[in-house]
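Spelled out from the first residue to the last, the chains are:
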Amino acid sequence: MFGQLDNSSPYDGGYELHPRDPSDLVSSGLSPYQQWAQGSPYKLIGGDANLDADPDHDSIPNGIEFIVGGNPTMANDASAKLPQVSVAGTSPNRIATISFRTTAASDDLNPELQFCYDVIN
Ligand SMILES: [Ca+2]
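What counts as what
- Residues numbered from 1 in each chain as written.
- Predicted model: local features only at pLDDT ≥ 70, side-chain atom pairs only at ≥ 80, totals over all residues.
- Helix = DSSP H or I, 4+ residues; strand = E, 2+ residues; numbered from the N terminus.
- Buried ≥ 20, exposed ≤ 12 C-beta atoms within 10 Å, placed from the backbone.
- Contact = placed C-beta atoms within 7 Å.
- Core = buried A, V, L, I, M, F, W, Y, C linked by C-beta atoms within 7 Å.

Q: What exactly am I supposed to notice about the overall build of the chain here?
A: Helix and strand content of the chain: two helices and four strands. The N-to-C order of helical and strand elements in the chain reads β-β-α-α-β-β. Within the chain, the fraction of its 121 residues that count as buried is 13%. The long-range fraction of contacts in the chain, counting pairs at least 24 apart against all pairs at least 6 apart in sequence, stands at 23%.

Q: I would appreciate a short explanation of the nonpolar core in the present structure.
A: For soluble globular proteins, the rule of thumb is that nonpolar side chains tend to be buried together. Counting nine residues, the largest nonpolar core consists of Trp36, Ala37, Tyr42, Ile60, Ile64, Phe66, Ile67, Val68 and Ala78. Of all elements in the fold, only helix H1 (32-38) and helix H2 (62-68) reach the threshold of two or more residues within this core. Residue contributions to this core peak at four residues, all from H2. Contact partners of Tyr42, with chain neighbours within four places excluded, come to Ala37, Pro72 and Thr73.

Written out as structure tokens, the structure reads:
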């Protein structure tokens, strides 16, 4: 790679790096999820690599395993990483706290916790 000072608009200054040969750049073209599922160490293939697949049969789909940092090939390793609910206080002053974790790689999916006050409807 060669470095050059580039102070042309929109840059105020700094360096721009260029590969000697554009073919030197490597891009898998895969999303962060696809890289996680299909790459090492899990190397899921076919339908087992889908977001809703559950190749380890722990009832936690790959998409959730990806978000919480689970292992899609090891049953139940993600259960401790799933959202946790704790309730403190006594009625009518109870406070429910929901804690959940996400991995930086899963930011691409923009995960968010959804809830409602009426679980029946
Ligand atoms: Ca699973």
